[in-house]
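# Architecture and fold: a report
Listed here are the chains, written in short residue letters.
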Amino acid sequence: ALPVDDIRRLSDLHPKPEDIRYQYGTAGFRTSGKILDSVLFRVGILAALRSKRFDGKTIGVMVTASHNPEPDNGVKLVDPRGEMLESSWESHATVLANASSSDDLIAALQDLIKTAKIDVSKPARVVYARDTRPSGPALVAALEDGLNAMGAEARNAGVTTTPILHYLVRAINTKATKDPYGDDTEEGYYTKLTSAFNKLIAGRPPRSPLVIDCANGVGALAAETLSRYLKNSLPIELQNIAIDAAGALNNSCGADFVKVNQKLPPSLANVLQPGQRACSLDGDADRLMYFYLDERHQFHMLDGDKITTLVASFIVDLVKAVGLEEELRIGVVQTAYANGSSTKYLSARLPVKCVPTGVKHLHHAAEQYDIGVYFEANGHGTVLFSQPAQELIGSHRPSTPAQSTALTHLQNIINVINQTVGDALSDMLLVEAVLAHKSYGGAEWDSLYADLPNRLVKVVVADRNAFRTEDAERRLVSPPGLQAKIDELVKKYDGGRSFVRPSGTEDVVRVYAEATSKGQADELAFRVAGLVY
Ligand code: 16G
Ligand code: ZN
């Protein structure tokens, strides 16, 4: 039975603040780090129950608020295969977080055990980690109380990146199977990625140094370790590594800053040479933005769409070179935010699917292909190889030396990629490997297609729930009549496209617009925002 006394005793130490309503959204619970204590305690209990539901398989818990400002924090659960928590449990998490007293919490837990058919006598195993936020240690202590209340077997993975935690979950749960994902240690992660990378670039001319903006977050630690494992196969210059400097995290740096402002982090102004490749990580190192300065010191951004294009074309070429293009169905998944030029470029070559914002939607759609490439424009993404595809690639007999080389590359590509979730460092190695193979610098990569100028604005509205969408968030169904007005406006702009969607993480509505000139894109965005307001 549920250890009701332990739960009550420990829950009393982590009371829920009155008047706050929590919600497990697209990125878990996320808000000010000051009001998350009770949430972390309860997430500990929930993680233990989720593990019991899977007969003691290990569940992950990551304490992070990613690209948000430093005072924020958050928590999300990782399912046994290293994927994000199944949506049906998001509402269970929300219910537990909002129980007003220890007694209400216990009642809610008993409900959950019944509805989700959980056998409480099963073991519970949980692995957890946090990013570098100052509120992290206290929140982890609250989480540990929740795990202890349930008698869970807990493993502390310390301060690490979100994608490493996802990797660990998958590695732990596949340890004793015929397809182990890798050693279930950080060392196993770094070894897997870097040895695949080193094989991929063997024999290529030496790489010029890559600047990495670590957002003053946990990516600094991970990138530093990665560079030790890489030895000199990829020279790396780390920037924004001040993980202990108060207020520095994500402040005027990092992947989100670059994507939103479409400009160079000011801290790199005297660092980056024209033509040099650079990339930014976000606060938990699951998002990646590339960029470079041209000869005239103009900034050029290479976002998630550019990464998709580069990576998907490379994989398509390899699959053709191996002679498996009939057997392996390759597809791309994007969201409405994908630049129209990228969609046009990709659609001419591959099936492209558009899904609603949020990694879980992209991930699930990508699973429908043998090889599914997905990235959000904001730099979160990865490539998924289905089990049959991996087996085919693993057992295929090449008939020429060229086929044999391509096949080895494909196998190394699989190993350099973190297939559990978007991973800035893994994606970075993937991009670097492709650039090395194609002998591309930033400019050559950038020239595959030209981005349409675009503008994103947010609008504070009385009730964002009044905005409902269809067609992968590209059209509004409510408020009534609004979509028709947007359509009218869009028609007036050359190459115009615009959509409106309620944010899943902030109490705002977002408006995106693109057109053939920057001025037109800005104007369209503001006029659509005017309709929404
Ligand atoms: C979350 C999502 C991210 C999405 C963003 C959109 C995950 C892990 N993260 O951060 O993929 O781009 O929300 O935010 O799914 P919005 O709904 O506020 O625009
Ligand atoms: Zn992140």
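Residues numbered from 1 in each chain as written. Chains lettered and ligands numbered in written order. Predicted model: local features only at pLDDT ≥ 70, side-chain atom pairs only at ≥ 80, totals over all residues.

### Notes on the overall build of the protein chain
Applied cut-off: Per the convention used, a helix needs a DSSP run of H or I reaching at least four residues, while a strand needs a run of E reaching at least two, with both numbered from the N terminus. Atoms counted for the radius of gyration: C-alpha only. Globule rule: 2.2 Å times the number of residues to the power 0.38. We call a residue exposed when 12 or fewer other C-beta atoms sit within 10 Å of its C-beta, buried when the count reaches 20 or more, and partly exposed for counts in between; the C-beta positions come from the backbone.
Within the protein chain one finds 18 helices and 19 strands. Expected size for 533 residues packed as a compact globule is a radius of gyration near 24 Å; at 23 Å, the protein chain falls within 12% of this value. Structurally, the protein chain occupies a C-alpha span of about 65 × 55 × 45 Å along its principal axes. The buried share among the 533 residues of the protein chain stands at 50%.

### Concerning the sheet that holds strand 13 (residues 371-375)
As a reminder of what qualifies: Pairing between two strands is assigned when DSSP locates at least 2 bridges connecting them. For helices, the axis comes from a line fit to the C-alpha atoms of the stretch in contact; other axes are also lines fit to C-alpha atoms, and the angle between any two N-to-C directions lies between 0 and 180 degrees.
Pairing in this open sheet of four strands is mixed, and the strands run 12-11-13-14 from one edge to the other. Edge positions in the open sheet fall to strand 12 (352-354) and strand 14 (381-385), since each of these has one partner strand only. Direction aside, neighbouring strands of the sheet carry axes that sit 20° apart on average. Bridge count for strand 13 against strand 14 is five bridges, and the pairing is antiparallel. Residue pairing in the sheet places V373 in a bridge with V383 of strand 14.

### Details of the sheet that holds strand 15 (residues 454-459)
Here we have three strands laid out as an open sheet, ordered 15-19-18, and antiparallel in their pairing. In the strand order of this sheet, the two ends are held by strand 15 and strand 18 (497-502), each with one partner. The average angle at which neighbouring strand axes cross in this sheet is 15°, direction not considered. Judged from the six bridges that link them, strand 15 and strand 19 (residues 509-514) form a sheet pairing that is antiparallel. Its bridge partner lying in strand 19, L456 is registered against Y512.

### Observations regarding the site of ligand 1
Put simply, the rule is: Nearness here is judged by the C-beta atom: place it from the backbone, and if it falls within 6 Å of a molecule or strand, the residue counts as near that partner. Residue polarity is assigned by list, with Asp, Glu, Lys and Arg as charged and Ala, Val, Leu, Ile, Met, Phe, Trp, Tyr, Cys and Pro as nonpolar; anything else, Gly included, falls into the polar class. For every domain, the bounds stem from an assignment made automatically or drawn from a database.
Near ligand 1 you find 13 residues, and of these A27, V359, S503, G504 and T505 are the closest. Across the shell around ligand 1, the residue classes break down as two nonpolar, eight polar and three charged. Formed jointly, the shell around ligand 1 draws a minimum of three residues from each of two domains, domain 3 (304-429) and domain 4 (454-532).

### Re the nonpolar core
Note the following rule: We define a nonpolar core as a collection of buried residues of the types Ala, Val, Leu, Ile, Met, Phe, Trp, Tyr and Cys that are connected via C-beta atoms lying within 7 Å of each other. By the criterion used throughout, residues are in contact when their C-beta atoms, derived from the backbone, lie within 7 Å.
If you look at the biggest cluster of nonpolar residues, it comprises 137 residues, and the most contacted ones within it are V43, V61, V126, L143, V311, I315 and V416. No other element matches the ten residues that helix 15 (residues 424-438) contributes to this core. Discounting residues that sit within four places of it in the chain, V311 has contacts with V373, V383, L430 and V434. I486, F499, V500 and V511 belong to the second-largest nonpolar core, a separate cluster that totals 19 residues.

### Some details on helix 2 (residues 37-53)
The line we're drawing: Expected helix span is given by 1.5 Å per residue-to-residue step, counting one fewer step than there are residues.
Spanning 17 residues, helix 2 covers 25 Å between terminal C-alpha atoms, matching the ideal 24 Å at 1.5 Å per step. Across the 17 residues of helix 2, 17 count as buried, placing the element largely inside the fold. Directly after helix 2, the chain includes D55, whose backbone phi takes a positive value near 60°.

### Side note on the packing of helix 1 (residues 4-11) against helix 5 (residues 136-149)
Applied cut-off: The scheme is simple: roughly parallel for angles under 35 degrees, roughly antiparallel for over 145, roughly perpendicular for 65 to 115, oblique for anything else. Definitions for this section: a left-handed crossing has its near helix turned counterclockwise from the far helix by less than a right angle. A right-handed crossing has that turn clockwise.
Running from N to C, helix 1 and helix 5 cross one another at 165°; their axes reach a closest spacing of 9 Å. As the angle between them shows, helix 1 and helix 5 are arranged roughly antiparallel. Our pair here, helix 1 against helix 5, has a crossing hand that is right-handed. Each of D6, I7 and L10 in helix 1 lies in contact with helix 5, whose residues at this interface are D145, N148 and A149. Taken together, the residues that form the contact of helix 1 with helix 5 break down as three nonpolar, one polar and two charged.

### Overview of the confidence of the model for the protein chain
Quick reminder of the rule: Per-residue confidence from the prediction method is given by pLDDT, with values spanning 0 to 100.
With 100% of its residues at a pLDDT of at least 70, the protein chain reaches an overall mean of 97. Averaged pLDDT values for the elements of the protein chain fall to 94 in strand 15 and rise to 99 in strand 4 (residues 125-130). Across the predicted assembly, pTM comes out at 0.97 and ipTM at 0.97.

### Observations regarding the packing of helix 7 (residues 186-201) against helix 15
Packing of helix 7 against helix 15 leaves a shortest axis separation of 9 Å and a crossing angle of 5°. Between helix 7 and helix 15, the crossing angle belongs to the class labelled roughly parallel. Where helix 7 approaches helix 15, its residues L193, F197, L200 and I201 are matched on the opposing element by S426, L429, A433 and A436.

### Quick look at the environment of V528
Mapped onto the secondary structure, V528 falls in helix 18 (residues 518-532). Under the C-beta neighbour-count criterion, V528 is labelled buried, with 25 such atoms within 10 Å. C-alpha of V528 to C-alpha of M289: the two residues are 239 residues apart in sequence and 28 Å apart in space. Ignoring any residue separated from it by four or fewer positions in sequence, one finds V528 in contact with I486, L489, S498, V500, V511 and A513.

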